[in-house]
Amino acid sequence: MTSQRTRERLVQRLREEGVSDARVLEVIRSLPRHLFVDEALAHRAYEDTALPIGHNQTLSQPYTVARMSQLLLAGGPLDKVLEIGTGSGYQTAVLARLVERVFSVERIQHLQERARERLQTLDLRNVVLRWGDGHEGWAALAPYHGILVTAAAREVPRALLEQLAPGGRLVMPFGEQTQQLLLITREGSHFSHQLLEPVRFVPLLEGVVG
Ligand code: SAH
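Below, the structure is looked at part by part. Residue positions are counted from 1 within each chain, in the order its sequence is given. Whole-chain, interface and lining totals are the exception, using all residues; otherwise, since this is a predicted model, local features are given only for residues with pLDDT of at least 70 and side-chain atom pairs are given and counted only at 80 or more. To obtain the side-chain values, all non-hydrogen atoms of the structure were included, while hydrogens and water were left out.

**A short note on the sheet that holds strand β8 (residues 179–187)**
Part 1: Strand order in this open sheet of seven strands is β5-β4-β3-β6-β7-β8-β9, and the pairing throughout is mixed. Two strands in the sheet have a free side with no partner beyond their single neighbour: β5 (127–131) and β9 (190–199). When the angles between neighbouring strand axes are averaged without regard to direction, this sheet yields 15°.
Part 2: Pairing between strands requires that DSSP locate at least two bridges from one strand to the other. Labels follow the DSSP assignment, with helices taken as runs of H or I lasting at least four residues and strands as runs of E lasting at least two, numbered in each case from the N terminus. Strand direction decides the pairing type here: strand β3 (residues 80–84) and strand β6 (residues 144–149), joined by four bridges, are parallel. The residue of β6 that forms the bridge with Glu 83 is Leu 148.
Part 3: Contacts are assigned to residue pairs that have any heavy atoms within 4.5 Å of one another. For helices, the axis comes from a line fit to the C-alpha atoms of the stretch in contact; other axes are also lines fit to C-alpha atoms, and the angle between any two N-to-C directions lies between 0 and 180 degrees. Each of β3, β6, β7 (164–175), β8 and β9 touches helix α3 (residues 62–73); the most contacted strand, β7, lies at about 155° to it.
Part 4: Helix-sheet contacts for helix α5 (residues 109–121) involve β4 (101–106) and β5, and the interaxial angle to β5 is about 165°.

**Details of the environment of His 110**
Part 1: Inspection of the secondary structure puts His 110 in helix α5.
Part 2: Between the C-alpha atoms of His 110 and Gly 87, which are 23 residues apart in sequence, the distance is 9.5 Å.

**A look at the pairing of β7**
Sheet faces and side chains relate simply in a regular strand, where the side chains alternate between the two faces.
Part 1: Exposure is judged per residue with a 1.4 Å probe applied to protein chains only, and the accessible area is read against the type maximum: over 50% gives exposed, under 20% gives buried, and values in between give partly exposed. Burial runs high along β7: nine of the 12 residues are buried.
Part 2: Of the pairings in the sheet, the one linking β6 to β7 comprises four bridges and is parallel in character. Bridged to Ile 147 within β7 is Leu 170.
Part 3: Strand direction decides the pairing type here: β7 and β8, joined by seven bridges, are antiparallel. Among the inter-strand pairings, Arg 169 is bridged to a residue of β8, identified as Thr 185.
Part 4: Hairpin geometry of β7 and β8 is characterised by an intervening segment of three residues between the two adjacent antiparallel strands.

Structure follows, in structure tokens:
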């Protein structure tokens, strides 16, 4: 179920759906997604579907992870990336294989701890995790060349815009009941907004859960 063949099939499907970045496809092929879900769900890890990770949260479907990673990378190589919503750590791990350094913030402490264990198991050393409310970003380490938010909001948190480097790209699900992927690019002090395809994410919530 977690064999190379099922992974190949997933990659083929993503390619057919329009994911064209060879680096992203290679990471999806080689990264063991089954390590990011409970054992009982491991047999579904290479289906193109979202899976529950506890605390009413979900690991995004592989297509969405690939699509958002591809959008973030489309502006050129990325040094520092900030992720809001570590969750299982799967998207974090994908980013860690594609960019220099990843800083990821999660509001639910238990999810953050489990993600940390998984990232250590995979020996991904270019990731730093933080327990906190992502609305604030992570100011001490700003600016970031890319910011990826994996929970939906009707407003783009101001702190995230402030922490985006000139030339940087921010990708997030925008909206509430209906959501669309939003791509923001910063040129100097000017931000350009582009709404893309519909998506479905859990909401970006206030405060932390310890
Ligand atoms: N990217 C994750 C899944 C995201 S689910 C993965 O690959 O598994 C959305 C995650 O965002 C959840 O873990 C949720 O707790 C977190 N989240 C929601 N609001 C947040 C906030 N304000 N700050 C940080 N994390 C938040």
